[in-house]
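# Report on the structure
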Amino acid sequence: MKLGIVGLPNVGKSTLFNAITNAGAESANYPFCTIDPNVGMVAVPDGRLDKLAEMYDPDKKTPAVIEFVDIAGLVKGASKGAGLGNKFLANIRETDAIVHVVRCFDDENIMHVVADAGTSVPVDPLGDIEAIDLELIMADLEMVNRRVEKAQKAAKGDRKFLHEAEVFQALARHLDAGKSARTYACSDEDMALIATSDLLSLKPVIYAANTDEEGFTHLEENRYYRQVRQLAEAEGAQVLPICAKLEQDVAELEGEERQMFLEELGVTESGLDRLIQCSYALLGLISFLTYGKDECRAWTIKKGTKAPQAAGKIHTDIERGFIRAEVIAYEDMMKCGSVAAAKEKGLLRSEGKEYVVQDGDMIYFRFNV
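Notes on the structure in this doc start here. (Residues numbered from 1 in each chain as written. Predicted model: local features only at pLDDT ≥ 70, side-chain atom pairs only at ≥ 80, totals over all residues. Heavy atoms only, no water.)

## A closer look at the environment of K51
Which entries qualify depends on this criterion: Helix and strand labels come from DSSP, where a helix needs a run of H or I of at least four residues and a strand needs a run of E of at least two; each type is numbered from the N terminus. Contact between two residues is taken to exist if any of their heavy atoms lie within 4.5 Å; hydrogens are not considered.
In this structure, K51 sits in helix 2 (residues 47–56). Between the C-alpha atoms of K51 and C296, which are 245 residues apart in sequence, the distance is 9.8 Å. Not counting residues within four places of it along the chain, the set of residues in contact with K51 comprises Y330 and M334.

Here it is, written out as structure tokens:
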């Protein structure tokens, strides 16, 4: 899974990126201090995997990972190349989802830039979101119009392309009205067709409402955060209140010290843990587990994935030669104390090709190639 962290300059993108990845990206109070995208890999916290590793003492413990990409600040006009915009838009295109960092705090010492890199303007979360959305929509409109032209030319030789041209013409009208592709209502078949065009405004979004410390501890009194939350609810998007500055402090602590600090803030989990949970929910992802002395590992798949395709995540040969999956729910195994004890109670099941893998399934795949 690859998440792109986007937003206007100076909203806290690189500070948040540093906090969640400990990657040390440059972070400063001037626009475009991030030029090339910074990339950080983060292990997905999973207590189930930790417990299995305790039980099996494997040679290797491999968690699922998320790749975060810190993309340089976009400004108004990015779709036309402003602020090196086209380059940054291409970076977004390669991600699965967007973490849109929105500034929800006032600080006269930190410039708030929307269009002109030399001009600081008042903080306006909804205006900021609109500015970024519009750049993504304008870039998409260009791509959709090219798709219409291509389909119309192809339709001269094969009439089946007429429908494709109509679908993208209707989408172009929607985008032209300043609406994102993800809000476009159409049939599943038409949406599957639209999905082949790799549009920026089609990507699912998590709004990371970046507050200062005071705003984070008194969220309901933070009018900026309330505005972002209301917009996210209307869009059906995820919203995550976060204080990037505090997350940097959390990232430097470990163990009990870290837990005590979080409790003082009145939260049980770090922003990273909450961001990962948001990402999994947004993209409809779950994890299954493989186990043994050689390796205990968590694998990320889409909800609804069947056993052979889940096996294919491990190796294409296992999917090709799939015979059956020996499955036990993690919770059942823990209640019994071991896989052997669970097997005696009939809780270890043999599942075939139509079995839909569930979150927390512990699986051993039988295959032959």
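Still to come is the rest of the account.
## Points about the sheet that holds strand 1 (residues 2–6)
Heads up, the rule is: Whether two strands pair comes down to DSSP finding at least two bridges between them. Only the stretch in contact is used when a helix axis is fitted, and all axes are lines through C-alpha atoms; the angle between N-to-C directions ranges over 0 to 180 degrees.
Reading across the sheet, the six strands line up as 2-4-1-5-6-7 and stay open at both edges, with mixed pairing between neighbours. The two strands at the open ends of the sheet, each matched to only one other strand, are strand 2 (38–43) and strand 7 (238–242). The mean inter-strand angle of the sheet, taken between neighbouring strand axes irrespective of direction, is 25°. Across four bridges, the pairing between strand 1 and strand 5 (residues 97–103) is parallel. Note on strand 5: the bridge partner recorded for V6 is H100.

## Points about the packing of helix 9 (residues 244–251) against helix 10 (residues 255–265)
The following threshold applies: In this scheme, roughly parallel covers angles under 35 degrees and roughly antiparallel covers those over 145, while 65 to 115 is roughly perpendicular and the rest are oblique. Note on residue classes: Ala, Val, Leu, Ile, Met, Phe, Trp, Tyr, Cys and Pro are nonpolar, Asp, Glu, Lys and Arg are charged, and everything else, Gly too, is polar.
Relative to each other, helix 9 and helix 10 sit at 155°, their axes nearing to 9 Å. It follows from the interaxial angle that helix 9 and helix 10 lie roughly antiparallel. Facing helix 9, whose interface residues are L246, D249, V250 and A251, helix 10 presents R258, F261, L262 and L265. Grouping the constituent residues of the contact of helix 9 with helix 10 by class yields six nonpolar, no polar and two charged.

## Considering the pairing of strand 5
Going by this rule: For every residue, the accessible area obtained with a 1.4 Å probe (protein chains only) is divided by the maximum for its type, and the residue is called buried under 20%, exposed over 50%, and partly exposed between those limits.
With respect to burial, strand 5 is a largely interior element, seven of its seven residues being buried. Neither face of strand 5 is exposed, since A97, V99, V101 and R103 on one face and I98, H100 and V102 on the opposite face are all buried. As judged from the six bridges shared by strand 5 and strand 6 (residues 205–210), these two strands associate in the parallel manner. Each bridged residue has a counterpart across the sheet, and for I98 the counterpart in strand 6 is V205.

## Let's talk about the pairing of strand 6
Taken across its six residues, strand 6 has six buried, putting it largely inside the fold. Burial along strand 6 is two-sided: V205, Y207 and A209 facing one way and I206, A208 and N210 facing the other are all buried. As judged from the five bridges shared by strand 6 and strand 7, these two strands associate in the parallel manner. Note on strand 7: the bridge partner recorded for Y207 is V239.

## As for the pattern of salt bridges
Convention followed: A pair is scored as a salt bridge if a Lys or Arg side-chain nitrogen falls within 4 Å of a carboxyl oxygen belonging to Asp or Glu.
Scanning all chains against the criterion turns up 21 salt bridges. Here K306 ties to E354 by a salt bridge, and the two come within 2.5 Å at their closest N and O atoms. With K306 in the loop between strand 9 (295–302) and helix 12 (307–314) and E354 in the loop between strand 11 (349–351) and strand 12 (361–367), this pair connects stretches of sequence that are 48 residues apart. On the basis of relative accessible area, K306 is assigned to the partly exposed category, the value being 30%. The class for E354 is exposed, based on a relative accessible area of 58%. When the shortest N-O distance is used, the salt bridge between R349 and E351 registers 2.8 Å.

## Details of a negative patch on the surface
Here is the rule: Only residues whose relative accessible area exceeds 30% and that take part in no salt bridge are eligible for patches, with like-charged residues grouped when within 9 Å of each other and nonpolar side chains (Val, Leu, Ile, Met, Phe, Trp, Tyr) grouped when within 5 Å. The method behind every accessible area is Shrake-Rupley, applied with a 1.4 Å probe, and residues are considered shielded solely by the protein chains displayed. We score Asp and Glu as negative and Lys and Arg as positive, and we do not count His or the chain ends. Charge coordinates come from a single atom per side chain, which is NZ of Lys, CZ of Arg, CG of Asp or CD of Glu.
Side chains of D106, D212, E213, E214, E221, D249 and E252 sit close together on the surface and give a patch of like negative charge. Examined against the element boundaries, D106 turns out to sit in the loop between strand 5 and helix 4 (125–155).

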